[in-house]
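# Coordinates in review
As a plain string of letters, each chain reads:
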Amino acid sequence: MELVQRIRQVTVLGAGQMGSGIAQTLAQYGYDTTLYDISDAAVERGMASIGSSLDRLVKKGRLSPEQKQSAWSKLTPVTALQSCAHSDFVIEAVPEQLDLKLRLFQELDRLCPPHAILATNTSSLPITAIAGATKRPDLVIGMHFMNPVPIMPLVEVIRGLATAEDTVKLTTELAEAIGKTAICVADYPGFIANRILMPMINEAIYAVYEGVASPESIDQIMKLGMNHPMGPLALADFIGLDTCLFIMETLHAGFGDSKYRPCPLLRNYVAAGWLGKKTGKGFYSYE
């Protein structure tokens, strides 16, 4: 773990569900963590989410009140991107828009110290392209956390074409230092997790679309027959159907293979605003 001892200050960009979960996990493991977003309201929501999550862990006996307070003291909310000027490691968790990430990484490259590693939490966008927006492609890497971050043990570490071996090693050590299992994969559309998961979800949606079975039946078959903790359609609702559609479109465009074509029913649900749990309706009703 000698490499990871170089990391003193970590900045997380984006105070949404993923970013706040990443920041919370870093803080719980003792890292001084800056949480950035573009507005006070966004940062306040992220900090409130972290506070609620830490309270739940205390109630469940997974954290002591002292550990909660220690984690909270490690967090600094900011709205100025210049705050990353002293960071050793930056983890970006902003919306999945390639243009946005490219602009942000250009700015990070300008602001951050020369030694700082720049990681993206993208679930499907190309690490090599994001690294190409910087003058330090050897220090750019993918770090795909699973949701909810404080609970899920996996981090996909994605190596771009130019990512240096030391960058991979340090990123892997950081993931392990915050209680995660890091698995390294190459930079291809969807990496591994979403390349396998999303076509399964898409096929389950096709089964509904073709009238083969109801969402409830499909989910029960996968839970009882395949020992999945959650059925694919309930999981799709939890992830967000707009996110599922975006990842399927990324796979379809990246590979040019018809097997990744998004189901028309998925497109219709997204067009209707039925995005799953976050909107109260998807394949199930949450109202």
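Every value quoted in this text rests on a predicted model; they were computed, and no experiment measured them. (Residues numbered from 1 in each chain as written. Predicted model: local features only at pLDDT ≥ 70, side-chain atom pairs only at ≥ 80, totals over all residues. Heavy atoms only, no water.)

Right, let's get into the UniProt feature "domain: 3-hydroxyacyl-CoA dehydrogenase NAD binding" (unreviewed entry) in the protein. Residues annotated in UniProt with the feature "domain: 3-hydroxyacyl-CoA dehydrogenase NAD binding" (unreviewed entry) correspond here to residues 9–187. Helix makes up 41% of residues 9–187 and strand 22%, with an end-to-end C-alpha separation of 27 Å. (UniProt positions renumbered as here; feature names shortened; annotations may be inferred. Helix = DSSP H or I, 4+ residues; strand = E, 2+ residues; numbered from the N terminus.)

The next subject is the layout of surface pockets. If you roll a probe as big as a water molecule over the atoms, it shows you where there is empty space left. Taken as a whole, the second largest pocket holds about 260 Å³ of empty space. Lining the second largest pocket are 15 residues, with Gln28, Tyr29, Leu57, Leu63 and Pro150 sitting closest to its centre. Elements with a minimum of two residues in the lining of the second largest pocket: α1 (17–28) and α3 (65–73). (1 Å grid on protein atoms, 1.4 Å probe; cavity = no way out; pocket = protein on both sides within 12 Å on 5 of 7 lines; lining within 4 Å. Points joined across faces, edges and corners; volume = space filled by probe spheres on them.)

Turning to the state of the cysteines, a few remarks are in order. Taken as a whole and assessed by the stated rule, the structure comprises zero disulfides. Its sulfur unpaired, Cys84 is 3.6 Å from the next cysteine sulfur, which belongs to Cys112. A relative accessible area of 1% places Cys84 in the buried class. (Disulfide = S-S within 2.5 Å. Buried < 20%, exposed > 50% of the residue type's maximum accessible area, 1.4 Å probe, protein only.)

With that out of the way, let us pick up the nonpolar core. With 36 residues, the main nonpolar core has Ile22, Leu26, Phe89, Ile91, Met143 and Phe145 as its most contacted residues. For this core, the secondary structure elements donating two or more residues are β1 (9–13), α1, α2 (40–59), β4 (89–92), β5 (117–120), β6 (140–145), β7 (154–159) and α6 (165–177). In terms of residue count, the dominant contributor to this core is α2 (five residues). Not counting the four nearest positions on each side in its chain, Phe145 is found in contact with Met18, Ile22, Ile91, Asn121, Leu154, Val155 and Ile178. In this structure, Ile201, Ile205, Cys244 and Leu266 belong to the second largest nonpolar core, which totals 23 residues. (Core = buried A, V, L, I, M, F, W, Y, C linked by side-chain atoms within 4.5 Å. Contact = heavy atoms within 4.5 Å.)

Here the focus is the side chain of Thr171. Turning to its location among the elements, Thr171 is positioned in helix α6. By relative accessible area, which is 0% here, Thr171 ends up buried. The residues contacting Thr171, other than those within four sequence positions of it, are Phe89, Ile117, Ile141, Met143 and Val157.

Following the criterion strictly, the structure yields nine salt bridges and no others. Here Asp55 and Lys68 are joined by a salt bridge, their closest N and O atoms 2.6 Å apart. Of the two residues, Asp55 sits in helix α2 while Lys68 sits in helix α3, which places them 13 residues apart along the sequence. Note on Asp55: relative accessible area 32%, which makes it partly exposed. Residues Glu249 and Arg267 are paired through a salt bridge, measuring 2.7 Å at the closest nitrogen-oxygen approach. Here Arg267 lies in helix α11 (residues 264–272) and Glu249 lies in helix α10 (residues 241–255), a separation of 18 residues in the sequence. In this structure Arg267 comes out as partly exposed when scored by relative accessible area, which is 36%. Residues joined by salt bridges that share partners form a network here, namely Glu92, Glu96 and Lys101. (Salt bridge = Lys/Arg side-chain N within 4 Å of Asp/Glu carboxyl O.)

Read across the open sheet, the eight strands follow the order β3-β2-β1-β4-β5-β6-β7-β8; overall the sheet is mixed. Edge positions in the sheet fall to β3 (75–78) and β8 (181–186), since each of these pairs with one other strand and no more. For this sheet the average axis-to-axis angle between neighbouring strands, irrespective of direction, equals 25°. Here β5 pairs with β6 via three bridges, running parallel. (Pairing = 2+ DSSP bridges. Axes fitted to C-alpha atoms, helices over the stretch in contact; angles between N-to-C directions.)

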